[in-house]
Structures are given as C-alpha cells and as structure tokens.
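Examining the three-dimensional arrangement
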Amino acid sequence: MISTSRLSATDLAQVMVLENQTFSEHAWSEDSMAAELDSPNTHYLGLWKSQRLIGYAGAASAPGSFSADIQTIAIASDERGHGYGRRLMQELLIWSKSVGAEQVMLEVRADNPAAIKLYRSLGFEQIDLRKRYYQPGDIDALVMRLEIQQPVVLGIESTCDETGVGIVKGNRLLANALHSSMDEHAKYGGVVPEVAARAHLEAIQPTLRKALAEANLTIDQVDAIAVANGPGLAGAVMVGIGAAKGIAIANDKPIYAVNHLVAHVGADVLERGAVQLPTIALLVSGGHTSLLLVRDLLNDVVLLGETIDDAAGEAFDKVARVLGLPYPGGPQIDKAAINGNPNAIRFPRGLTLPKDMEKHRYDFSFSGLKTAVARHVEKHQDANEEFSVADVAASFREAVVDVLLTKALAAAEEFQVPRLVLGGGVVANARLREEAKRRCDKAGVELRIPRFALCTDNGAMIAALGAQLIMAGREPSGMSFGADSTLEVTQVQSF
Amino acid sequence: MLLAIDTSAGSSAAVFVDDELLSFVSIEDPFGHAENIGNVIAQALGEAKVSHTKISAIAIGRGPAPYTGLRVGMATGLAMAETLKVPTFGVVALDAVSMLYANQKEFVVVSDAKRRQLFARSYRSVGPEVIPTPTSAPEVFEPAEISERFPGLEVFQTPCSAKEVGHYAFAAMREGIDLSDTGALYLRSPDVSPSAGKRVTG
C-alpha cells in the first residue's frame, strides 16, 4: 500500500535517513531540512510504503513571486522504477498551481538521464546549463522550466454601492475597474438600495469595457466568470448576477458564485501571492463589521462575531451627520479629529462589559455609541455651550477603533493565530491603521492591510476568489444560483 | 439571429431568425429572476439549435415593471451585448404587448406595478402587424383611475414576455422606430426621502 502525505518537522528523522542514503556527502544538514519542512513557503510530500518512508519531494514558492522551485526529490534506491518520482512530481505541480505559480523551475544533474526524461515528460524544458555546478566531479546542471497557465477570471461585484469588474490571472491582478454610486447616496446620508441597484445597471457596460481595456484582453482570453452572490443588498446583487450569467452564456464560460466577505479576506492573494494562514480577519465597512477566523480560505472560514446593529462605517456616517458633516462620514470624521483629544470624552465601548462578553465575545454594537455622541452634542447645543467638534470626533473614532482592535486581538490570542488581515472601506481610516499597527506590533501579531483599492468593495477580489476555486479544482456553480443577502461566511461558493 | 430577453413578469428568452420565432422558454416565477435567467436563455438557444456565437442582436424588455426583477434580464442582455459586440434594442413592455391588439381601434395596455397600482399606456391602432401608435405616456395609476383617464377604451392586461419583445423589435426595425434607449423605464423615483436626522434626547 503506497500513500502520500504532507511532511512536517515531526517526520525529520525518517527524512534524514533517506536524505543521507540518497545524497551521501551532498546531503542537506538536519537543520536545513528541518527549516525546509517547517517553512510556510514550502510543500514537502512523503511517499509511504506502510510505515516506511520510501521517497519524498519538496517545492517552494515565495508568496508573490509567481514562481515555484522543485527543491529536492528522493526515492529509496530499492524502490525506483515504479513511477513514484512522477507521482510526487505531479502532486508538487498541483500544489505549485494552487499557490499561483506561473512557472516551476528545477535544476538537475546532467548525468541523471532518468530524471531529465521524467521532467521532460512532465513538460519541463531546458532553459539554461550551469557548467560544473555540482562539485566535486564537475557535473553540469540543467536548469529546467515548466510554464503553468493560471486561469484568467473576470469578477463582478455589486453587493452595495460599488460596481466593480476585476480581472486576474491566478493571483496576478490584471484590472480593477470600479464605478461608485456613493455621490448619489450623499443626499440621503447612507446607501439607498434602490438607488444602488439602478446605478449598477447603468454602470455595468462601461465598467466591463473599462476592465477589459485595462487588462488589454478580449473576452475570449478570459477563462471563467466569478460573481459575488452575497451577502449584500439583494436587488443590487441581482444586477451583478444577471450580468455575470449573460457573459458566461454569451461566451461559453464557466461561472463561479462566490462569497463577498470571503473575497475580502482573499484579496490579500493579489498582494502577496497567498493568504498566510491561519489568520484572523477583521472586515469593516458601511455594510459589515465581521470578525473571522480563517484556517483555510476555501474550506474553513468561521464567523467569530459581527455587529448586532449598525456597521462601523454606518456609525461614522451617522455621527458625521450629528456633527453636521457630509456623507460619507469616515473621511470627514478623520479630518475633524485632527487636533482633537481622543481621550477627552469616554464614549461607551459596545459589548465589552463582562455580562455582554459571555454572549457576544466577538460581536460588535455601535448604535449605543452613536446615541451617546448625539446626547453629548445635543446637551451642549441645548445649553448653548461651546463644545469641541475635534474632541468629539477624535473620542468617537477612538471608541470605534478601540473596540474593533481589542476584539480582533483577543481573538488572535484565544485562537493562537498570530496574524490579522484588515479589509473593508473603514480601513481607509488613518487612526484604525495606525492603532492596528501599534497594537499588533505589541502583541507580536503580523498585520496585513491590502492596498486601499483592494480593501474597499471591488471586482478584483471576486475574480481572485474565483481563481482560487479554479486553482483548487472546484467545479463551476452552474446557472441556477441566486442572490443571498445573508449568505453565511461558511459558504464560500454557491451552486 | 436575435435573442430577446424579458424579466418584466416571469423570466423568458426567445430566439428569432428574420422575425421567425425559433424558440421560446419562459419560467413564470415572479421572484426567481436571478436564478432562472441563465437557464431560460441557455434553453432557448439550445431549442433553437443555434450557437451563442450566432447572436447578432439582443432585444431587452425595459419595463415598466417591478424593477428588481426587470433589472436582472436587462443586466444579462446588456452584458451579453457588450461582450459579443452586438447592438441592443430596448423595448417598452407596454408597447410590446400593444402589438397583440393591433386589430383594436383604441385601447389601453396595463401591467402590474405592485402596491396595488398599474402601469398603463393608451394606443391607437394603425393596422394589423403594424405597431399601434401610443397616445399617452406610460404612467402609474390607481386601478380606479384608468377608466377616468381613458374613458370608453378597452383595457388589456397581458404580461409581457421575450416573445412580444422580440416581435416588437423586428416591427420597430421595419418601421424605423428608435430602440436605442436601453435604460430601465422607471416611473417611480427611489422610494426614499432625505432625512434631517432625529434627536435622541427629549
């Protein structure tokens, strides 16, 4: 019975036995091998015959490099000639594709024709010759490369007030076209669903055109369509679904219905080639305030908590209005808070009292905070007292930022996850970014914030999640899915 | 080959070649537009035994109709046309249905506007197979207002579908009627008014 499994440092002893037998004086040291097995950027596979390790192979890909390297491959001398090397290589190529590699490189001894033959049969081509690379013995190294075609995916986002069409190739961003109807919502002080849906219908053709032009592609060069089918405003989402299905049928492309919130987390693949996992994700926008534990982007996303009333971005909008500032409130509050004292007024931190923490440990509430700010302002206005708008803005903002980050870092600690990725439009808030950096540094948590255009709602993140599904070998969604305004984060793909 | 799409009532698609209806697929579910639209189009193309690459024009019903569903079919048609680089014809649903009554002299076509109201437009017939001439603008009415506004006229309420949209598009091409407006025909403004903000204390 032959089986393969992913190796870790616990397999080091068995690996070293085979390593020393196979490579003798060229064998890697135990320390180097341990580091290889442990690295987050490598993938080592063991080949087992019952309990005996009879082969192993490893590949590495630095996030964001779009390239993978075959690091080593070894088959026990008495087990060669059974196609085991091919089996390990094929699995490493699947892994290389799944992490976004567009090419796989390897070096092989020129005096090893069996290996060279194997690599050629897998599609590798020699691109270079390194003279006398292997010493002693003056053996040349062939440098070989396999090109991998990553899927080109066009993604459509229409869950709120942004019409987004993005195009990616694997983990590579090719286009991110956006049309926002934010200005049309300004006079209402918040996003109006019907206004948003109307704007999507008007924007869909020009945004589509812009994305294809930006990527310098025709629709024929696109391999698949992805669309966010929720969570979001149902009437708005449906416009995107209609458009996506139209493109899919008109051009005979498979279609993937993906989760908008999971796509926010996945946006980081466009920055760094892969989402380092596990990670805590804090998604904060005008429509969402969600804290997620992500162990696997496609298979294991858990909602730890979310707002039980207003989204954080909504609170910024409402408080801006209380202060007589225009919509959207986030940048206005940021501006007003300059020179304000964040500790001037101790506004409440929602759901942080011990009694709330039992039931709502990772949930958020901002409606009480908004009311507290309004009371404070009305009290002074009624008494004709001067008050500092800067202090109110800074203190309000501090309360939001404090509760968001306290809960996010508490989750990082409880689940022993030393990473935090931020997403959503509220990430534009300068104080949130600054304080997140400070607190993460202090807690030893790695902080990731994708560039702003990938933090706010956008089509590229939808395309990227679609590409991740394809790279993982998932089937398309078919034609019968609909909009789900309350889609759960556990459902990454809908059918 | 013309593909007609309409989601003003149910979801439907029809395939025509030179005004001849090759296939018509309709799902009458008044809510499942997003779920159904892809299937009805794919099925209509399949039944007509024509490849998607042969589509040379797309006609879309632009309402008036309940907007959430209406927009699904419009978005589908617009996105198809954009990527296929083919022209789009925008067809007013009431006008499309008026073709069914071209043998009447003067009449009114109404359709469900939700909230117990009706969309309505009046027409005068010119002759069989010719597009009736509209004699009023499309408007929203209370049901009782129809007979006051259009005294003595017979009222027809037939839901629109891709079949009527496609037939109308061919007739309009023959008669030189402009169908270049492919925006939704909204007869109500978004149901919202700017709020001044409420006090939280007494």
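Rules of the game
Residues numbered from 1 in each chain as written. Chains lettered and ligands numbered in written order. Predicted model: local features only at pLDDT ≥ 70, side-chain atom pairs only at ≥ 80, totals over all residues. Helix = DSSP H or I, 4+ residues; strand = E, 2+ residues; numbered from the N terminus. Buried ≥ 20, exposed ≤ 12 C-beta atoms within 10 Å, placed from the backbone. Contact = placed C-beta atoms within 7 Å. Rg over C-alpha atoms; globule rule 2.2 N^0.38 Å. Nonpolar A, V, L, I, M, F, W, Y, C, P; charged D, E, K, R; others polar. pLDDT = per-residue confidence, 0-100. Pairing = 2+ DSSP bridges. Axes fitted to C-alpha atoms, helices over the stretch in contact; angles between N-to-C directions.

**With respect to the overall build of chain A**
Check the secondary structure of chain A and you find 17 helices and 18 strands. Dimensions along the principal axes, computed over C-alpha positions, put chain A at roughly 90 × 50 × 40 Å. Out of the 495 residues in chain A, the part that is buried amounts to 51%. Contacts in chain A between residues far apart in sequence, at least 24 positions, make up 71% of those at least 6 positions apart.

**Here's the deal with the overall build of chain B**
Within chain B one finds five helices and ten strands. Its C-alpha atoms give chain B a radius of gyration of 18 Å, within 12% of the compact-globule value 17 Å for 202 residues. Its C-alpha atoms give chain B principal-axis dimensions of about 70 × 45 × 30 Å. Counting over 202 residues, chain B shows a buried share of 48%. Restricting the contact set of chain B to residue pairs at least 6 apart, pairs at least 24 apart contribute 67%.

**A closer look at the environment of A:Gln491**
Residue and element names in this part refer to chain A. Mapped onto the elements, glutamine 491 comes out in the loop between helix 17 (459–471) and strand 18 (493–494). We classify glutamine 491 as partly exposed; it has 17 C-beta atoms within 10 Å. Separated by 229 residues in the primary sequence, glutamine 491 and valine 262 place their C-alpha atoms 8.8 Å from one another.

**Comments concerning the interface of chain B and chain A**
Contact residues are listed per partner, giving 36 residues for chain B and 38 residues for chain A. Where the side of chain B that touches chain A is concerned, the elements lending two or more residues are helix 1 (33–47) and helix 2 (67–84) of chain B. Examining the composition of the side of chain B that touches chain A, we find that 14 residues originate from one element, helix 2 of chain B, more than from any other. Tallied by class, residues from the side of chain B that touches chain A come to 17 nonpolar, 14 polar and five charged.

**Structural notes on the confidence of the model for chain B**
Overall, the prediction assigns chain B a mean pLDDT of 94, with 97% of residues at 70 or greater. This complex was scored by the predictor with a pTM of 0.93 and an ipTM of 0.96.

**Remarks on the sheet that holds strand 13 (residues 279–284) of chain A**
Residues and elements named next belong to chain A. Across the sheet, which stays open at both edges, the five strands sit in the order 15-14-13-16-17 with mixed pairing between neighbours. Looking at which strands have only one partner, the edges of the open sheet turn out to be strand 15 (300–306) and strand 17 (446–448). Each adjacent strand pair in this sheet contributes to an overall mean axis angle of 20°, direction not counted. Where strand 14 (residues 289–296) lies against strand 15, six bridges are found, and the strand directions are antiparallel. Each residue of the ladder has a partner; that of serine 290, found in strand 15, is glutamate 306.

**A closer look at the sheet that holds strand 7 (residues 139–147) of chain A**
Residues and elements named next belong to chain A. Here seven strands make up an open sheet; going across it, the order is 1-2-3-4-5-7-6 and the pairing mixed. Unpaired on one side and paired on the other, strand 1 (2–6) and strand 6 (125–134) mark the two borders of the sheet. Strand-to-strand, the axes of this sheet are offset by a mean angle of 25°, without reference to chain direction. One ladder, built from six bridges, connects strand 6 with strand 7; its direction is antiparallel. Pairing of arginine 130 across the sheet is with alanine 141, part of strand 7. Packing against the sheet, helix 4 (residues 113–121) makes contact with strand 5 (103–109) and strand 7, and its axis sits at approximately 165° to strand 5.

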